Amino acid sequence: MSRNGTGLILERLRALMINTKYVPQKLHAYIVPTGDAHQSEYVADCDNRRALVSGFTGSAGTAIVTANKAALWTDGRYYQQAEEQLDENWELVKEDNPTQAKWLSETLPVGGTVGCDPSVLAYSNWKSLEKELKSNGFQLVGVGDNLIDLVWDDRPSRPCNGILIQGLSEAGVSWQEKVQKVQNKMNEKHVCATVFTALDEIAWLYNLRGSDIIYNPVFYSYAVVTKSGSHLFIDEKKVDSQIKKHLEGVDIHPYEDALKFLTDLADNQDVKKIWVNDKSSFEICNLVPKAKRLMAQSCVATMKAVKNDTELKGMENCQVRDGVAMCEFLMWLEKQIPTGMLTEIMAADKVENLRSQQKDFVSLSFDTISSTGAHGAIIHYKPTKESDMSVAPDQIYLVDSGAQYRDGTTDTTRTIHPGTPSKYEQECFTRVLKGHINLATAVFPNGVKGHRLDTLARSFLWKAGLDYQHGTGHGVGAFLNVHEGPCGISYKVNVSEVPLEENMVVSNEPGYYEAGKFGIRIESLVKVVKANTKHNFANKGYLTFESITLVPIQTKLIDPSLLTEDEINWLNDYHSKVRHLVGDELKAQGKMEVLQWLMQATQPL
């Protein structure tokens, strides 16, 4: 990965930080978060401000610039990538040590002022940072004009792509029913209106999909639901006659009018309470006076995470077709790698091409991670022209990829060794597999949050003194964002996390990585299902997982002596399921050579 020179843009930014024509007062520091005005994890090119100023292109991180320093905070998925991409102007802060507020307090002169665009920082993050800075004698102020935009000479325009309607055959429930559920929740909480800013929540609520952000089927919008109706704020060029008919009963407003509408709503004396999510921007939340504000997690976030029967069936159906494409890809890899001509980019292009041939394919669900050898240790590595390497026949290869289909979203990681793995590589892979199986077979009572299950995936690595620096699982949308809250499985405790429920879909993806050597990850999507237990303490009811990803796990990398009989049986049962479901689809598509490969790849252990 190449380093991007950031000296000039930092110089221009620092000049604006002390120019009171653009800032309310001279700034000693300026914060550049990753998110856009909707707090999206992945952003459109026009909102890629943090990447522009720092040169770091990962999907998570915060940059802070002072008069003579620049620092980047990110998580363990991106440490190695950040070290490679940040130039000499930047320092990388790991493990939130020190925190942003502590670093600022230690770096700035006493009484220093910190600025940030209030539209791109979540209210909860703003308030916690503001509180900590204030306790140390510093202040956080809002800057109306984003300073990065002012130094971004060729900033792209905001996308305005078309939108799709999700019919009942795909969505399962009409948008009218969903809005009614929101209004029922509002009545329970005695609020007059609810504000939605998260793009995937709005897309789900109105049974619409878009493409304004690459790989994320969403569109720029805001929404407000009141007791008597709902309001959608969207670029009106997107709203053709079909969309208007679909949204009959919804008041359509220009996207730019959302903030004024909310201001007027908050000023209305008849409106007593407005529900806003503290994950929305500080700017949005601050438009509602504290006395009128109900700060609570969006009700749609949890509704969306629990799939209805139609959504769940679609998620399972698309996994079968996705499994066909992945089996084609893995068979193709086995043929191509020995030639010495295959590169990481060629492999990434191939897996996308094979997926695109499957029914109802829309796009990838994220940039394909196609990594050989040492690149596999860069957890979210994306091959570029500068970094592209030949896939080596004597090194581990990791591919993490997924797709958006009209009926669901996929996300799969498989790790293979084209040649003969070492005993150590086999041990590491098998310990990851044991963790994967341990989590896949977990039984737990209703009400349990995912962070309580995280150690199940790590315990066999821990016994050998090994670990990995990322979460073990994330929620997945139904033809929506591949990373979906508010459920997940992680060693980090998230205050907004909700308990796992039947019909949620999450990933199961333990891994192990050695810098400069290799990366290993095994990821399948699982659905949460009821567990049949011998007893039922306190009538709680119990849950477990069922794997829905249907892609073989390479047995060559397994050391069978490290597996128990139950673990071997699980793997054989899983491969039998893949044989049956993907095998039938391969027959239906006339892909008999791939079927033969699948039968060989899923031989019982």
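In case you missed it, the structure is sitting above this.
Bear in mind that the values here come from a model prediction, so they are computed numbers and not experimental data.

What counts, and at which threshold
Residues numbered from 1 in each chain as written. Predicted model: local features only at pLDDT ≥ 70, side-chain atom pairs only at ≥ 80, totals over all residues. Heavy atoms only, no water. Axes fitted to C-alpha atoms, helices over the stretch in contact; angles between N-to-C directions. Helix = DSSP H or I, 4+ residues; strand = E, 2+ residues; numbered from the N terminus. Left-handed = near helix turned anticlockwise from the far one by under 90°. Contact = heavy atoms within 4.5 Å. Pairing = 2+ DSSP bridges. Expected span 1.5 Å × (residues − 1). Buried < 20%, exposed > 50% of the residue type's maximum accessible area, 1.4 Å probe, protein only. Arc of directions from axis to C-beta.

### Topic: the packing of helix H4 (residues 100-107) against helix H5 (residues 123-135)
And step 1. Between H4 and H5, the least distance of the axes is 9 Å, while the angle of their chain directions is 30°. The two elements H4 and H5 cross, and the hand of that crossing is right-handed. Where H4 abuts H5, its residues Ala101, Lys102, Leu104 and Ser105 lie against Leu129, Glu132 and Leu133.

### Some thoughts on unusual backbone geometry
And step 1. Across the junction of Asn97 and Pro98, the peptide omega takes the value 5°, indicating a cis bond.
And step 2. Among the structural elements, Pro98 can be located in the loop between strand E4 (91-93) and H4.
And step 3. With an omega of 0°, the peptide bond running from Gly485 to Pro486 counts as cis.
And step 4. Here Pro486 is to be found in strand E23 (residues 484-489).
And step 5. Look at Asn207: it is not a glycine, yet its phi comes out positive at around 55°.
And step 6. In the Ramachandran plot, Asp360 falls in the positive-phi region, its phi being about 65° despite a non-glycine side chain.

### What about the sheet that holds strand E15 (residues 361-364)?
And step 1. Strand order in the open sheet formed by three strands is E15-E18-E19, and the pairing between neighbours is antiparallel. A single partner strand is all that each edge strand has here, and the edge strands are E15 and strand E19 (408-409).
And step 2. The pairing of strand E18 (residues 403-405) with E19 spans two bridges and is antiparallel. Residue pairing in the sheet places Gln404 in a bridge with Thr409 of E19.

### A short note on the sheet that holds strand E17 (residues 397-401)
And step 1. Here we have three strands laid out as an open sheet, ordered E16-E17-E20, and antiparallel in their pairing. Each edge of the sheet is formed by a strand with only one pairing partner; in this case those strands are strand E16 (369-372) and strand E20 (412-416). Across the sheet, the mean angle from the axis of one strand to that of its neighbour is 5°, orientation sign disregarded.
And step 2. With four bridges connecting them, E16 and E17 associate as antiparallel partners. Looking at the pairing, Ser371 lines up with Leu398 of E17.
And step 3. This element, helix H15 (residues 344-356), spans E16 and E17 of the sheet and lies at about 145° to E16.

### Details of H15
And step 1. Along its 13 residues, H15 runs 19 Å from first to last C-alpha, staying within 8% of the 18 Å computed at 1.5 Å per residue.
And step 2. Turning to H15, its buried residues number three or more, namely Glu344, Ala347, Ala348, Val351, Leu354 and Arg355. The arc that holds every buried residue of H15, seen down its axis, measures 130°, which confines them to one face.

### Things to note about the pairing of strand E8 (residues 193-196)
And step 1. Both faces of E8 are covered, namely the face carrying Ala193 and Val195 and the face carrying Thr194 and Phe196.
And step 2. When E8 meets strand E10 (residues 221-226), the two strands line up antiparallel, connected through four bridges. Bridged to Ala193 within E10 is Thr226.
And step 3. Direction of pairing for E8 relative to strand E13 (residues 274-276): parallel, over a ladder of two bridges. What sits directly across from Thr194, in E13, is Trp275.

### Considering the packing of helix H14 (residues 309-336) against H15
And step 1. Remark: H14 packs on H15, axes separated minimally by 9 Å, with the N-to-C direction vectors making an angle of 145°. In this structure, H14 meets H15 at a crossing whose hand is right-handed. For the pair H14 and H15, contact is made by Asp322, Ala325, Met326, Glu328, Phe329, Trp332 and Leu333 and by Met346, Ala347, Lys350, Val351, Leu354 and Arg355, respectively.

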